[in-house]
Amino acid sequence: MADALENLSTEVRRFAPDPEFAAQANARPEGYAWAKADPQGFWAEQARELLTWSTPFEEVLDWSGAPVARWFADGTINAAYNAVDRHVEAGHGDRVAIYFEGEPGDTRTLTYADLQREVSKAANALVALGVGTGDRVAVYMPLIPEAVIAMLACARIGAPHSVVFGGFSAEALHSRILDAEAKLVITSDGGYRRGSASALKPAVDEALAKGAPTVDHVLVVRRTGQDVEWTEGRDVWWHDALEAASDQHEPVALEAEHPLFILYTSGTTGKPKGILHTTGGYLTQAAYTHLNVFDLKPETDVYWCTADIGWITGHTYVVYAPLINGATQVIYEGTPDTPHRGRWWEIVAKYKVSILYTAPTAIRTCMKWGDDIPGAHDLSSLRVLGSVGEPINPEAWVWYRHVIGGDRTPVVDTWWQTETGAIMISPLPGVTTAKPGSAQVPLPGIAADVVDDDAKPVPNGGGGYLVLTEPWPSMLRGIWGDMERYQDTYWSRFKGLYFAGDGAKKDDDGDIWLLGRVDDVMNVSGHRLSTTEIESALVSHPSVAEAAVVGANDETTGQAVVAFVILRQDAVSDRPAEEIATELRNHVAKEIGPIAKPRTILVVAELPKTRSGKIMRRLLRDIAEHRTVGDATTLADSSVMDLISAGLAAPATSKASPAEPTSATD
Ligand code: PRX
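Residues numbered from 1 in each chain as written. Predicted model: local features only at pLDDT ≥ 70, side-chain atom pairs only at ≥ 80, totals over all residues. Heavy atoms only, no water.

A. Summary view of the site of the ligand. Around the ligand, the surrounding shell holds 17 residues, and the nearest of these are Asp413, Thr414, Thr418, Asp502 and Arg517. Glu390 is positioned such that a nitrogen or oxygen atom in its backbone is 3.4 Å from a nitrogen atom of the ligand. Compared with its free state, where it exposes 540 Å², the ligand has 97% of that area covered by protein. Split by residue class, the shell around the ligand holds six nonpolar, six polar and five charged. (Near = heavy atom within 4 Å. Polar contact = N/O pair within 3.5 Å; in protein donor to acceptor, adjacent residues only side chain to side chain. Areas by Shrake-Rupley, 256 points an atom, 1.4 Å probe, with all protein chains shown as cover. Nonpolar A, V, L, I, M, F, W, Y, C, P; charged D, E, K, R; others polar.)

B. The arrangement of the pattern of salt bridges in detail. This model, assessed by the stated rule, comprises 41 salt bridges. Residues Glu146 and Arg108 are paired through a salt bridge, measuring 3.1 Å at the closest nitrogen-oxygen approach. Of this pair, Glu146 sits in helix H7 (residues 145-157) while Arg108 sits in strand S5 (residues 107-111), and the two are 38 residues apart along the sequence. Via salt bridges that share partners, Glu101, Arg343, Glu346 and Lys350 belong to a single interconnected network. (Salt bridge = Lys/Arg side-chain N within 4 Å of Asp/Glu carboxyl O. Helix = DSSP H or I, 4+ residues; strand = E, 2+ residues; numbered from the N terminus.)

C. Here's a closer look at the pairing of strand S22 (residues 463-468). For S22, the buried fraction is high: five of the six residues fall into the buried class. Bridge analysis of strand S21 (residues 448-451) against S22 gives four bridges, and the strand direction is antiparallel. Within the sheet, the bridge partner assigned to Ala448 lies in S22 and is Leu468. Bridge count between S22 and strand S24 (residues 498-506): five bridges; the pairing is antiparallel. Considered in S24, the bridge of Tyr465 is made with Gly503. (Buried < 20%, exposed > 50% of the residue type's maximum accessible area, 1.4 Å probe, protein only. Pairing = 2+ DSSP bridges.)

D. Unusual backbone geometry, seen in detail. A cis geometry characterises the amide bond from Ala66 onward to Pro67, with omega recorded as 10 degrees. Turning to its location among the elements, Pro67 is positioned in the loop between strand S1 (61-62) and strand S2 (70-71). Note that the residue after Thr338, namely Pro339, is joined by a cis bond; omega there is -5 degrees. Tracing the backbone through its elements, the reader meets Pro339 in the loop between strand S17 (328-332) and helix H13 (343-351).

E. Focus on the packing of aromatic side chains. All chains considered together, the criterion is met by 34 aromatic pairs. Centre to centre, the rings of Tyr486 and Trp491 are 6.4 Å apart; their planes meet at 75 degrees, and the pair counts as edge-to-face. Pair check on accessibility: Tyr486 and Trp491 agree, each one buried. Over the ring of Phe168 we find Arg176; its NZ or CZ atom is 4.7 Å from the centre of that ring. We note Arg222 situated over the ring of Trp237; from NZ or CZ to the ring centre the distance is 4.6 Å. (Phe/Tyr/Trp six-rings, centres within 6.5 Å; stacked < 30°, edge-to-face > 60°. Lys NZ or Arg CZ within 6 Å of the ring centre and 35° of its normal.)

F. Representation of the sheet that holds strand S16 (residues 302-305) in the model. One open sheet accounts for seven strands, arranged S5-S4-S17-S16-S18-S19-S20; its pairing is mixed. In this open sheet, the two strands that pair with only one neighbour each are S5 and strand S20 (411-414). Taking the axes of each pair of neighbouring strands and ignoring which way they run, one obtains an average angle of 20 degrees across the sheet. Bridge count for strand S19 (residues 384-388) against S20 is four bridges, and the pairing is parallel. Residue pairing for S20: Gly386 is matched across the bridge by Val412. Along the sheet, helix H6 (residues 112-128) contacts strand S4 (96-101) and S5; its crossing angle with S5, the most-contacted strand, is approximately 90 degrees. Strands S4, S5, S16, S17 and strand S18 (355-358) of the sheet are contacted by H13, whose axis makes an angle of about 145 degrees with S4. (Axes fitted to C-alpha atoms, helices over the stretch in contact; angles between N-to-C directions. Contact = heavy atoms within 4.5 Å.)

G. Seen up close, the packing of helix H18 (residues 531-539) against helix H20 (residues 577-591). The N-to-C vectors of H18 and H20 enclose an angle of 115 degrees; their axes lie 9 Å apart at closest approach. Relative to H20, the crossing made by H18 is right-handed. Two secondary-structure elements touch here, H18 through Ile534, Ala537 and Leu538 and H20 through Leu584, His587, Val588 and Glu591. For the contact of H18 with H20, the residue count by class is five nonpolar, one polar and one charged. (Left-handed = near helix turned anticlockwise from the far one by under 90°.)

H. Representation of the sheet that holds S21 in the model. Here we have four strands laid out as an open sheet, ordered S21-S22-S24-S25, and antiparallel in their pairing. Looking at strand neighbours, the two that pair on one side only are S21 and strand S25 (512-517), the edges of this open sheet. For this sheet, the mean angle separating the axes of adjacent strands, direction not counted, is 45 degrees.

In short, geometric facts, not functional conclusions.
What follows is the structure in structure tokens.
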């Protein structure tokens, strides 16, 4: 990605705020100076203004246990109360919280009063199943209202949820259940995807059959009505459990630092990391950023974030922030092209969506499908557009503003991570003059910089590594069960600075341009995948002796997974490479999930290694991106690259069909 984005900062188009928009904007230019002068005072004020505390806090930040922060630690609060009950108490019970659009076209509307009843019943059902404060609950569901209700029910009783993306395999689910020692799994019989019902419950059965001693029950939502295997005594229907439960439930007042959730994300080593988020600081930054970056007006806006709840974007900007802020939002179960490529725009027109938040990969896919498709729908309700997940190329940014936003809407390119919990770097609509392709400036109260190898800030015009230089409220509090890895991964590269893993440049104005990951993490359709994790999956196949994986530039998905494999002697025999490649792709889907399937598998005889045995991925990336192979002098055996190139020209090469365009909901 970095190569493709090298020239980003030569982009010269500028989009100044529209004065009419600026006059009504939530964000104010003074916010920067105020927060800079007194960051803790700034965040304390946001926490008091935007949240309702069960016990008010006095302490703001305790950084004495760095790198583990404690924010608002002497206060108590309940996330579900803030997301639901207080809006009902304030007289907004009839306001729509969720417009649900199922992929087959079924719809449901839930008001805040409906949510309060459902979340209370679900919380009582969890308690009846033996789940207590502090117990972990795994959630493996499609994007249906029950998924949001399940997460809020967990938050209501203080049981941290661990949502596992419904596209992940039984194997991936199993390892996450084990790592978090979940007591309960909430799932559904299935969901609708690309025009048909797909199953989820069998993956839960398979995961639990591998052994999961901590799981007592599985709570199953009926979504599709398909037949499911049933384990008596363990499995419980969601509708039965909720029917039996009271709709009155007192939210538990929890310490601000009580764990709200664990969310697994790929790192540079094989095992996914359980990123731990707590309550008070997370909710503060979620609410503040949502109000200011999207200019949310809860009484009039209809907000739609297309992310799935399996990712951090779905946690913060589908579940917590919009509901904390009392917004009306759309959630959509399916893909953008089911049953036709205008589905998203149909939804925007139908619900008069005014704020849309999605990923560059989806924008590029829609761009490829042509302007006529969005052009056939009334998109005049849109007034703010957001982008997240990967660098957005200026052409896609300008297309988004022009074709989707009718040249009216501000576009906010928001940089953040699972670890940061909420948006960190982004223009503010109505305040910032936007530069297509740049996330630009840290938000008020956030301190970021670009540093060189020696941790020295680079001057304007220079490039280096993105770091965060001060603690922020929604920062991760660690890696579940592995605090040493937390320290090593984020805090050891540059002393006292949080290392984000991204390369970045500062332009002449000091604005930040993200250049993609600098570690062994790939970004495919805005989703994080680890090269090592996919290599481990490939090597676990009996035919594979060795594997090396790289992320290669891809026009639609940003990066694509390209794997180089050495087959075992006995597997080489007479099977066509095409057949082996298909088998390996399916194997990766089974081990991790379909999103991790390599786009291309190249069967090679050797891999380029240094004398110390390290695979030189740089050279493999050259091949994957069809470039002349770079400097190979540090290789232990310099003839290896010739061997690979010669081998690839021969029929042993196998290129699987390109990955289908995925959406931000994938
Ligand atoms: O490389 C950056 C990229 O996505 C990574 C974080 O991935 P994840 O934890 O899955 O969270 C994605 C959604 C918040 C970052 O390290 N990234 C995210 N947003 C942007 C971005 N890269 C450039 N520009 C962005 N706006």
